[in-house]
Every structure is written in C-alpha cells, then in structure tokens.
Amino acid sequence: MKSAVETLNPTRVRLTVEVPFEELKDSLDAAYKKINQQVTVKGFRKGKIPARVIDQRFGRGAVLEEAVNDALPKFYTDAVNEGELNVLGQPEVDITELKDGELLAFTAEVDIRPVIEIPDYSGIEVTVDSIDVSDEDVDKSVEQLRDRFASTNPVERAAAEGDVVTIDLEAKVDGEVLPDGVATGVQYTIGSGELLDGIDEAVTGLEAGGEATFTSELKGGAAEGKAAEVTVKVTQVAARELPELDDEFAQMASEFDTLDELKADSRKRLESSKQYDQATQAQERVLDELLKLAEVPIPEKLLAEEINTRKHNLEHHQLGQMGLDLAKYLEIQGKTEEEFDAETKEQAEKGIKTQFILDELVNKEKLNVNQEELTEHLMRRAQSSGMSPDQFAQAVVEGGQVPMLVGEVARGKALAVVVEAAKVTDTNGEIVDLDDEDDDEAAETVEAADSTEAVEADTKAEDKAEEKADKNEA
C-alpha cells in the first residue's frame, strides 16, 4: 500500500491511497464466504458454492463491492497511522480507481487536530476579587439561618408584607372557571413573588374572611400565558416570628454554645466560600488569557457538530428537566434567537479551543492521571448528576465514557500548571497564592468552558442507570 497526505488547510487533509490487488485477497476471501452463507444455488450445498459460480450467478462486481467495503477501514487506518495524523470525525471517502486484479485507489478527506504552538504563558497576569468578609456579611448569613427557624402564629389583623396567609384561589378566563383554576388552603408569604403577579397587592390589607379580585397572566396549566380574572379569599393571616439572636438560638440552630461562636463559624464558612470562588475566578481568567495568546484554528465541521450538540443537550435535557422549551427559555432570558445562536457559537468555539490547547499542554508536560485523581473526579461528577458514585461509575464504564473523564482531569491538571505560572493579584493588590488549590477545581473550570462532553457523560450515565432500573423492574 502507498499513501500520501495533502494538507488542504490547517484542520483538514486529503489522503491518497493506492492498494495493490494482492493485498485485497483476505477481504475477497471474506466476501466470497459471506455471500456463500447468504445465497443458495441448486446443485451445491450451502456455503460450498465455488467462487466462479458466484461470479457467474451474482456478478464479480458484487464480490468486489463487498471486499472493498470490508477492506477500506483497514487501509484508511493504516494510511492515518503512516501519516501520523490525529484525525477528528469520520472521513469522506471517494474510490477513484478499481481495476479487478490490478489496483484499488481511493481518497479520504478528514478533519485533523491542528498543530498548536503552546505560547509562553509565564507572563499571564490577572486580577481577581479579594476575600473580604464584612460584619454585614456575617450578620446577613446569621439572619438567613434565623429566618429558617422562624415560627408563624395566627393574628387577628390585616395582612402585611412578610405575613403568611392561607388563601383560596379561583381563576376564570372569559368568565369560565378553569378546570385546573381552583385551589384551596394555599399558604403564601406576602412579598415572596412565588405566585401570580398582582397577588401581593390583592391580599395586602385583607383580614381573615376578606377577598379580592385581580387580573394576572397565568404561569402554568391549560391556560398558560392567558390573562385570567383571579379571586383570592384569605382564610387566615399568620405573622412570622423570628427567634431572639442569643446563645439559646445558637444552641438550637447549630452545634455551638454561644452566638459569638456561631458568628465566628459563619465568617469562616464565608471566607472559605469566597476563597473557592476566587480560585475559580483565577482559573477562568487565566484560561481566557491563555486562549488569547494561542492561535487555534477550528475545523468547520467540528464546530457545526459542537453547536448542534450544545443546542440538543440544552433543549432535550437541561430545559426538558425544567419543563421549558427553547422559546420559553429565550423569553425568560430576554434574548432573541439570533443572540442565542451567536452566544452558542462563541461558547462552542471556546470549548473546542480549550480542549485543543490543554490537550497539547498535557502532551507537552507529560501529565498523567492516577487512579485516586480519577476516583475523586468521578465522585464529584456523580454528586452533580444526582447519582450514587457506584451507580455513576458503572454507567460511565458501560457507556465507554472513562477516557472522557480521564481527559477532563488531565486538562484540569494542565490548566493548573498555567495558573501556577501566572501572576494572580486581588483587588487589594495582594498576591494570591493558588498552589494549594485542588486540580479538580481546575477540571471544573475546564468543564464550564467545554460543557458539551460533561453534559453528554452525565446524560449517558443517567440513561444507562434508567435503562438498568427498567430492566430490573421488568
């Protein structure tokens, strides 16, 4: 076999392959054997039909076609290996010559990973938010905890903001009560915005037994999106009472004996959270700077596939779980379809560039992923998917997704190398030391930039788990 590689552009090549006919012998033998098992000829036992009879009855062309289809993948793979190509996706194959007994010639156009020069990233400088936890932040955190332990007690007065009212609702459209437009005994906190628009104004000032009517656009049900006349009747008004902020509250709401200890712990937790956010911010900004430095051409076909995959995952998995379609999602986001398409393309380009350059860095730095690192990453991914680690791991293995997870961890380690070399300063002018940050956090940043594979892995894992559950039930 002879092969040659022609570079069409930085991300696409054309392979030209010539195969002497004698190298097709194994595939020809296999073709005759396969046809032997599929046909019958009077006077011959099944599977024992001579080749010359098959040629006469069914045509030599059918045999050649079967043999070539069998042989092409092997010769294509040999040509790829000979050219030391890192191919992407499936090739477009064209048989240019087929002379029986002499020669098979074909071309194959295929996308390849571009050759990327890793830029000098040692000069990258980024600024991130400082870790400042104020007394107000601590007070707000404690107040949120206090709010969770609030109690409600019925009162004989008009309802006001913050009160919990028990209400009955009736919705009419065009004077007709909707089949799903009646609800009784609904508890609602005035000012929470959790029900219909206009309900806060309607119930504020009403005592138990009072009612009001208002017009609102329905947010769900059979008449979703239509304007309805809603009658609301208050059956009870209850005031929320917050516990006193003292040592007794600290003992009730936490493992601490004093309010001061509870506040100190809240401060520590807030600092830890902000430190995590700061590290994530540093990784994101360093990655953005790295991508600016590198020239990364993108195969057009790969970009189109990535865009389509992102749209599919959003529409059929993420939005589907929330009960939304794309049109409703865009309405909530306040975006046009054109803006959405532009953003999706930008995100897809960033995802591909991120993967290409970090994979190149993994090879350059010879970064490996050990079992402990993979296990930690798998457990975190299992948690985010809502599955147990064992469930997720089994589904990932069955779905052939292990190499993808290894790639995520490796790219996270590559990004951590770049972050370590960068100069990271906070808004107070202080140097931020990120040496102790976990590589898995960097893997999260990589996933955020290249989310398609992550969503695909989670989706396939969930599908595998559901499929297994269905079989067990059956």
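Residues numbered from 1 in each chain as written. Predicted model: local features only at pLDDT ≥ 70, side-chain atom pairs only at ≥ 80, totals over all residues. Heavy atoms only, no water.

- The name an unreviewed UniProt entry gives the chain is Trigger factor, with Streptomyces scopuliridis as the organism.

**Re the overall build of the chain**
(1) Moving on: Of the regular secondary structure elements, the chain holds 15 helices and 11 strands.
(2) Moving on: By the compact-globule yardstick of 23 Å for 474 residues, the chain is too spread out, its C-alpha radius of gyration being 33 Å.
(3) Moving on: For the chain, buried positions account for 39% of its 474 residues.
(4) Moving on: Long-range pairs, those at least 24 residues apart, make up 69% of the contacts in the chain between residues at least 6 apart in sequence.
(5) Moving on: Accessible surface, the chain as shown: approximately 27200 Å² in total, 45% of it carbon and sulfur.
(6) Moving on: Averaged over its 51 positive side-chain charges, the chain has a centre that lies 11 Å from the centre of its 109 negative ones. (Helix = DSSP H or I, 4+ residues; strand = E, 2+ residues; numbered from the N terminus. Rg over C-alpha atoms; globule rule 2.2 N^0.38 Å. Buried < 20%, exposed > 50% of the residue type's maximum accessible area, 1.4 Å probe, protein only. Contact = heavy atoms within 4.5 Å. Areas by Shrake-Rupley, 256 points an atom, 1.4 Å probe, with all protein chains shown as cover. Lys, Arg positive; Asp, Glu negative; His and termini not counted. Charge placed at Lys NZ, Arg CZ, Asp CG, Glu CD.)

**Comments concerning unusual backbone geometry**
Generally, phi is negative for residues other than glycine and the peptide bonds are trans, each holding for most cases.
(1) Moving on: Even without a glycine there, the phi angle at Glu 84 is positive, about 55°.
(2) Moving on: Mapped onto the fold, Glu 84 is located in the loop between helix 3 (60-82) and strand 3 (87-99).
(3) Moving on: Its identity as a non-glycine residue notwithstanding, Asp 174 has a phi of 55°, on the positive side.
(4) Moving on: Along the chain, the position of Asp 174 falls in the loop between strand 7 (164-173) and strand 8 (176-189).
(5) Moving on: You can call Asp 174 exposed: its relative accessible area is 76%.

**Concerning helix 8 (residues 300-322)**
(1) Moving on: For helix 8, which comprises 23 residues, the first-to-last C-alpha distance of 32 Å matches the rise-based estimate of 33 Å (1.5 Å per residue) to within 8%.
(2) Moving on: The sharpest bend along helix 8 comes to roughly 35°, located at Leu 314.
(3) Moving on: Every buried residue of helix 8 is listed here: Leu 303, Glu 306, Ile 307, Arg 310, Asn 313, Leu 314 and Leu 319. (Expected span 1.5 Å × (residues − 1). Bend = angle between axes of the 7 residues up to and from the residue.)

**Things to note about the sheet that holds strand 4 (residues 103-112)**
(1) Moving on: The strand order 1-2-4-3 describes an open sheet built from 4 strands, whose pairing is antiparallel. In this open sheet, the two strands that pair with only one neighbour each are strand 1 (2-9) and strand 3. Neighbour-to-neighbour, the strand axes of the sheet open up by a mean angle of 20°, direction not taken into account.
(2) Moving on: Contacts from helix 3 reach strand 1, strand 2 (12-20), strand 3 and strand 4, with the element oriented near 125° to strand 3. (Pairing = 2+ DSSP bridges. Axes fitted to C-alpha atoms, helices over the stretch in contact; angles between N-to-C directions.)

**So, a nonpolar patch on the surface**
(1) Moving on: A cluster of nonpolar side chains, contributed by Val 93, Ile 95 and Leu 98, occupies part of the molecular surface with about 220 Å² of accessible area.
(2) Moving on: Checked against the element boundaries, Leu 98 lands in strand 3. (Patch = residues over 30% accessible without salt bridge, like charges linked within 9 Å, V, L, I, M, F, W, Y side chains within 5 Å. Salt bridge = Lys/Arg side-chain N within 4 Å of Asp/Glu carboxyl O.)

**Some words on the environment of Tyr 276**
(1) Moving on: By the element assignment, Tyr 276 lies in helix 7 (residues 259-293).
(2) Moving on: Remark: the alpha-carbon pair of Tyr 276 and Ser 3, spanning 273 residues in sequence, is separated by 52 Å.

**Regarding a negative patch on the surface**
(1) Moving on: Together, Glu 217, Glu 224, Glu 315, Asp 325, Glu 337, Glu 338 and Glu 339 give the surface a local cluster of negative charge.
(2) Moving on: Mapped onto the secondary structure, Glu 224 falls in the loop between strand 9 (211-217) and strand 10 (227-241).
(3) Moving on: With relative accessibility at 44%, the residue Glu 224 sits in the partly exposed group.

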